[in-house]
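# Descriptive analysis of the structure
What follows is each chain in one-letter form.
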Amino acid sequence: MIRKLTIKNFFSVKEEVVLDLSVAKNATDPDGRFARPIPTASERLPKVIVLFGANASGKTNVLRAFTFLFDFARNSATWPPEALIPFLPFDTAESDSPITRLTIEVDGVLFPDEQQRKIYTYDLAVDSARRIVVSESLRYIPERKSRWLFQREGSAIEAGSDFDLSRQDPVRQKVRNN
């Protein structure tokens with residue numbers, strides 16, 4: 001389930017915007033509209049999400065952020081090395097930061113032998129002007145403390161102890177700017 005989305009400098013979103021889907025602890029649920037995807041956690045999440053607002057208020061760009069992150073994580077390795085990362089930053093000459101940052105927090109099962117859902121956080125920072133990846137990481141919470149599976153600065157990638165990627169793995173040489 002999607003838990004949280006953070007967007008900064010992406011299409012019409014200039015300043016950081018956080019869409020936190022957790023439900024307040026005191027919210028009643030007589031119709032069973034909330035789920036507790038991790039049974040041992042106290043957090044509840046809505047089973048259905050609806051975005052509504054005035055025309056041109058940014059609803060479509062929230063959906064674009066979801067689809068962009070999915071497409072980047074799934075398909076960017078197949079893009080030509082010279083391909084630009086396909087998005088538009090907030091269009092302003094006085095931008096204080098050329099970095100576009102998207103972070104998504106989800107829960108689910110990543111590894112086949114997992115017995116319980118875990119919380120995963122994927123973070124992507126892109127230099128909007130040069131259209132290259134500045135940093136990228138995937139963290140998760142196996143117990144109570146967050147651990148990283150991998151983190152990347154430019155093309156240098158480090159793997160956590162739970163991610164089987166040795167220092168000599170040839171995959172490391174395939175990491176590109178896009």
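Everything below is about the structure printed above this text.
Below: a short report on this structure.

For the rest of this paragraph, the subject is the packing of aromatic side chains. Summed over the entire model, instances satisfying the criterion amount to seven aromatic pairs. Ring geometry for Phe10 against Phe68: centres 5.8 Å apart, planes inclined by 50°, an arrangement best described as tilted. Linking Phe10 in the loop between strand E1 (2-8) and strand E2 (17-20) with Phe68 in helix H1 (residues 59-75), this pair joins segments that are 58 residues apart in sequence. Accessibility assignment for this pair places Phe10 and Phe68 in one class, buried. Considering the side-chain rings of Phe72 and Trp79, the 5.7 Å spacing of their centres and the 75° angle between planes classify their relative orientation as edge-to-face. Among the residues examined, Phe72 registers a relative accessible area of 2% and is labelled buried. Residue Trp79 is classed as buried on the basis of its relative accessible area of 14%.

This brings us to the sheet that holds strand E9 (residues 156-159). Within a sheet, each strand pairs with its neighbour through backbone hydrogen bonds, oriented either parallel or antiparallel. Pairing is antiparallel in the open sheet, where seven strands are placed in the order E2-E1-E5-E6-E7-E8-E9. Since the sheet does not close on itself, it has two edges, and those belong to E2 and E9, each with one partner. Strand-to-strand, the axes of this sheet are offset by a mean angle of 5°, without reference to chain direction. By the bridge criterion, four bridges tie E1 to E2 in an arrangement that is antiparallel. Paired with Lys4 across the two strands is Asp20, which belongs to E2. Contacts from H1 reach E1, E2, strand E5 (99-108), strand E6 (118-127) and strand E7 (132-141) within the one sheet, and its direction differs from that of E1 by about 100°.

Definitions and limits used
- Residues numbered from 1 in each chain as written.
- Predicted model: local features only at pLDDT ≥ 70, side-chain atom pairs only at ≥ 80, totals over all residues.
- Heavy atoms only, no water.
- Phe/Tyr/Trp six-rings, centres within 6.5 Å; stacked < 30°, edge-to-face > 60°.
- Helix = DSSP H or I, 4+ residues; strand = E, 2+ residues; numbered from the N terminus.
- Buried < 20%, exposed > 50% of the residue type's maximum accessible area, 1.4 Å probe, protein only.
- Pairing = 2+ DSSP bridges.
- Axes fitted to C-alpha atoms, helices over the stretch in contact; angles between N-to-C directions.
- Contact = heavy atoms within 4.5 Å.

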